[in-house]
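# An overview of the molecular structure
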Amino acid sequence: MQIKENVPLAGYTTLEVGGPAGYLVEAKTRDEILEIRDWAKKEGIEWKMIAGGSNLLVSDEGYPGLIIVNRTAGSGMTLDDLVDQMNSRGLVGMECLAGIPGTVGGAVYGNAGAYGQTISDHLKGVTTLTGFWPREKCEFGYRESIFKKNKEIILEAEFDLPKGDREALVAKSDQIRELRKKKYPPEMKCPGSFFMNLWFDRLPEELKKQIPAEKVKGGKIAAGYLLEQVGARGRKLAGAAVADYHGNLIYNAGGAKAAEIWELARQLQEEVQKKFGVVLVPEVQLLGQF
Ligand SMILES: Cc1cc2nc3c(=O)[nH]c(=O)nc-3n(C[C@H](O)[C@H](O)[C@H](O)COP(=O)(O)OP(=O)(O)OC[C@H]3O[C@@H](n4cnc5c(N)ncnc54)[C@H](O)[C@@H]3O)c2cc1C
């Protein structure tokens, strides 16, 4: 296991922005994670685990501490590979997560989901460095889990999936991957949706009246809908841009700085707050100073 110093983090994220990590280690086993974490503790160095980097905005100044990149076979496996494995065994419940970038650990951390499914739907429990967390202790919610509040390192996840029709599952995942390619062209440098959607029930009464009924899906309204009402689509700020077909898709249009991505997001957040009285919450995880 090699401890690298002053490593640019942009290449470790799908947004491809951000400065260096003070130290970086790619850990392949639980023992390597333990060893490097203990080293950081002993040296008094702050540390953080990242994985696929598909939900990260790293500041231009980077992160002065230690970044542990999860390359383990358990939680470091890509979510897409897990979906394929479950489909091929005819196990139902993950097929709609096809095409979500990143790892199983990252997905559990943020309770990733799409097309009506989330990773926690059939999850039995999670093994971290400190022990086993049964599902009921994981505090899963919309893009939420207890792991966003504590500093646990997710090592493994256990699922209990019902049996179904293998062919139908594979076909469903293929169909979803095709849809996703249109929304997120593979060459687009982005972190997926920038802001979280909003629970309709929790909106101010005045705003509820302005939302057309067909915009409420699964009890939520899309952040993109509000962003589009303030003219987010196609907006640009230096190297940062919003997709011209989706108001909640902020991307690096070429040579963007993290500060530009953040400033564009912040401006849009402010405009939405001014117009609708709600504060959009970033779904993207921030690393470093903003
Ligand atoms: C094109 C595109 C489309 C996307 N579509 C969706 C979508 O449809 N639905 C959705 O939910 N998300 C979506 N995302 C966001 C992203 O893919 C998910 O949030 C993903 O689960 C993040 O996993 P990751 O391995 O990349 O995590 P990273 O981005 O590396 O890390 C994200 C956070 O998870 C923490 N973390 C990662 N691994 C661990 C671990 N083992 N233990 C503890 N903490 C950990 C990190 O510290 C960090 O805070 C999309 C992203 C992109 C780029």
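Residues numbered from 1 in each chain as written. Predicted model: local features only at pLDDT ≥ 70, side-chain atom pairs only at ≥ 80, totals over all residues. Heavy atoms only, no water.

## A word on the sheet that holds strand β14 (residues 236-237)
Which entries qualify depends on this criterion: Between any two strands, pairing holds if DSSP finds at least two bridges. Secondary structure elements are defined from DSSP: runs of H or I of at least 4 residues count as helices, runs of E of at least 2 residues count as strands, and each element is numbered from the N terminus.
Reading across the sheet, the 3 strands line up as β14-β15-β16 and stay open at both edges, with antiparallel pairing between neighbours. On the outer flanks of this sheet lie β14 and β16 (250-252), each paired with one strand and no other. In terms of strand pairing, β14 meets strand β15 (residues 240-242) through 2 bridges, oriented antiparallel. Following the sheet pairing, leucine 237 is matched in β15 by alanine 240.

## Some words on the environment of asparagine 70
Our working definition: Exposure categories follow from relative accessible area, calculated using a 1.4 Å probe and restricted to protein chains: below 20% of the type maximum is buried, above 50% is exposed, and the middle band is partly exposed. Any two residues whose heavy atoms approach within 4.5 Å at even a single point are treated as in contact. Polar contact criterion, stated in full: a pair of N or O atoms within 3.5 Å, where within protein one must be able to donate a hydrogen and the other to accept it, and residues adjacent in sequence count only if both atoms are side-chain atoms.
Looking at the secondary structure, you find asparagine 70 in strand β5 (residues 63-70). Its relative accessible area of 4% is what places asparagine 70 among the buried residues. Between the C-alpha atoms of asparagine 70 and glutamate 205, which are 135 residues apart in sequence, the distance is 44 Å. Aside from chain neighbours lying at most four places away, what touches asparagine 70 is Ala27, Met49, Ile50, Ala51, Ser75, Gly76 and Ile154. Among the polar contacts listed, one links the side chain of asparagine 70 to the side chain of threonine 72, at a separation of 2.8 Å.

## Thoughts on the pairing of β5
With respect to burial, β5 is a largely interior element, 7 of its 8 residues being buried. Summarising the sheet, strand β3 (residues 47-50) and β5 pair through 4 bridges and their orientation is parallel. Looking across to β5, one finds that lysine 48 is bridged to isoleucine 67.

## Examining the UniProt feature "active site" (unreviewed entry) in the protein chain
So the rule is basically this: UniProt positions are given in the numbering used here, feature names are shortened, and annotations may be inferred rather than shown by experiment.
The residues that UniProt annotates with the feature "active site" (unreviewed entry) are Arg143, Ser193 and Glu283. Spanning 141 residues, the named residues form one tight spatial group whose C-alpha atoms are at most 11.6 Å apart. Along the chain, the position of arginine 143 falls in the loop between β9 (131-134) and β10 (154-159). For arginine 143, a relative accessible area of 14% corresponds to the buried category.

## Structural notes on the nonpolar core
We count it as follows: Here, the term nonpolar core denotes a set of buried Ala, Val, Leu, Ile, Met, Phe, Trp, Tyr and Cys residues that are joined through side-chain atoms within 4.5 Å. How far each domain reaches was decided by an automatic or database domain assignment.
One finds Leu57, Phe194 and Leu226 to be the most contacted residues of the largest nonpolar core, which totals 32 residues. Looking at this core, the elements with two or more residues in it are α6 (223-229), β15 and α7 (258-276). When residues in this core are grouped by element, the largest group, 8 residues, is from α7. Two domains each put at least three residues into this core: domain 1 (4-70) and domain 3 (193-275). Sequence-distant contacts of leucine 226, defined by excluding residues within four places in its chain, comprise Leu198, Leu207, Ile211, Ile221, Val272, Phe276 and Val278. Membership of the second largest hydrophobic core comes to 25 residues, among which are Met77, Met94, Leu97 and Ile100.

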